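Spelled out, the chains give:
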Amino acid sequence: ARLVVLVSGSGTNLQALLDAIAERGPDAYGARIVAVGADRDGIAGLERAERAGLPTFVRRVGDHDTRDAWDRALAEATAAYEPDLVVSAGFMKIVGKEFLSRFGGRFVNTHPALLPSFPGAHGVRDALAYGVKVTGCTVHFVDDGVDTGPIIAQGVVEVRETDDESALHERIKEVERRLLVDTVGRLARHGYRIEGRKVILGHD
Ligand code: GRF
């Protein structure tokens, strides 16, 4: 499968995918990354892509007259690489109708909380503030809501008394990176179907 990965920050989830594909080989893993897109310049995620010799593209909201124009530009830039799956790995923008009409059903996001709890841009902070004893991460298909699409896989992380947001987020990311690599590989190798809110993964 051809993957386009979208990033907005440090790109450690992207790096985990790059490392897994390099280690296992794209055929065994079932996918290769063909391009990396971002909503901003100057982020480590783009440096990681460039270091891996991958094409990159940046589409900044501020460069477009309307949000819809940005959404269309992002969709067109992504479509140019003919992806089978698009992976949002810390991509911090909500895509719109155009992007979803083209990639809905094959657009996956990773979120650092156990959805439906704590959606949105501060899932780790919100879980910590709420006082939960366990949190975790979720890989899900993106729909027209915010972190509301059908759930594919989840991982659990214990919250410690000593945790602050960054310590907890780092520990979540250790689980999240493995979950994303495992989930994307399975989707790519074995296929899947979405029935309402349920995701049925294919098997060997
Ligand atoms: C990840 O935890 C992702 O779930 C959240 O932001 C973080 C991005 O980390 N939205 P990285 O850019 O992959 O290192």
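The rules behind each value
- Residues numbered from 1 in each chain as written.
- Predicted model: local features only at pLDDT ≥ 70, side-chain atom pairs only at ≥ 80, totals over all residues.
- Heavy atoms only, no water.
- Near = heavy atom within 4 Å.
- Polar contact = N/O pair within 3.5 Å; in protein donor to acceptor, adjacent residues only side chain to side chain.
- Areas by Shrake-Rupley, 256 points an atom, 1.4 Å probe, with all protein chains shown as cover.
- Helix = DSSP H or I, 4+ residues; strand = E, 2+ residues; numbered from the N terminus.
- Nonpolar A, V, L, I, M, F, W, Y, C, P; charged D, E, K, R; others polar.
- Core = buried A, V, L, I, M, F, W, Y, C linked by side-chain atoms within 4.5 Å.
- Buried < 20%, exposed > 50% of the residue type's maximum accessible area, 1.4 Å probe, protein only.
- Contact = heavy atoms within 4.5 Å.
- UniProt positions renumbered as here; feature names shortened; annotations may be inferred.
- Axes fitted to C-alpha atoms, helices over the stretch in contact; angles between N-to-C directions.
- Parallel < 35°, antiparallel > 145°, perpendicular 65-115°, else oblique.
- Left-handed = near helix turned anticlockwise from the far one by under 90°.

A. Representation of the site of the ligand. Near the ligand, the surroundings consist of 14 residues, among which S10, G11, T12, H169 and E176 are the closest. One of the side-chain nitrogen or oxygen atoms of K173 is found 2.9 Å away from an oxygen atom of the ligand. In the model, an oxygen atom of the ligand is placed 2.5 Å from a nitrogen or oxygen of the E176 side chain. Contact with the protein chains hides 90% of the accessible area of the ligand, taken as 360 Å² for the molecule alone. Secondary structure elements with two or more residues in the shell around the ligand: helix 1 (12-24), strand 5 (107-111) and helix 7 (165-190). With three residues, helix 7 is the largest single contributor of residues to the shell around the ligand. Among the residues forming the shell around the ligand, the class breakdown is three nonpolar, nine polar and two charged.

B. Examining the nonpolar core more closely. Counting 44 residues, the largest nonpolar core has V5, L14, L17, Y29, I33, V36 and I152 as the members making the most contacts within it. For this core, the element with the most residues is helix 7, which contributes eight residues. Setting aside residues up to four positions removed in sequence, V36 forms contacts with V5, V7, L14, L46, A49, L54, P55, T56 and F57. Of all hydrophobic cores here, the second largest spans 17 residues; its members include L6, A35, F91 and L100.

C. Spatial organisation of the UniProt feature "domain: Formyl transferase N-terminal" (unreviewed entry) in the protein. Cross-referencing UniProt, the feature "domain: Formyl transferase N-terminal" (unreviewed entry) maps to residues 2-184 in the present numbering. Between the first and last C-alpha atoms of residues 2-184 the distance is 11 Å; the span itself is 40% helix and 22% strand.

D. How the structure looks around the packing of helix 1 against helix 3 (residues 44-51). With their axes 9 Å apart at the nearest point, helix 1 and helix 3 run at an angle of 20 degrees to one another. In terms of their interaxial angle, helix 1 and helix 3 are classed as roughly parallel. You can see that helix 1 and helix 3 cross each other, and the crossing is left-handed. Within the contact between the two elements, helix 1 uses T12, L14, Q15 and L18 and helix 3 uses G45, R48 and A49.

E. Layout of unusual backbone geometry. A cis amide bond links L115 to the next residue, P116, at an omega of 10 degrees. You can see P116 is positioned in the loop between strand 5 and helix 6 (123-130). Not every positive phi belongs to a glycine, and F118 is a case in point at roughly 60 degrees. Within the secondary structure, F118 sits in the loop between strand 5 and helix 6. Its identity is not glycine, yet D147 carries a phi of approximately 60 degrees, on the positive side. Along the chain, D147 turns up in the loop between strand 6 (134-141) and strand 7 (151-158).

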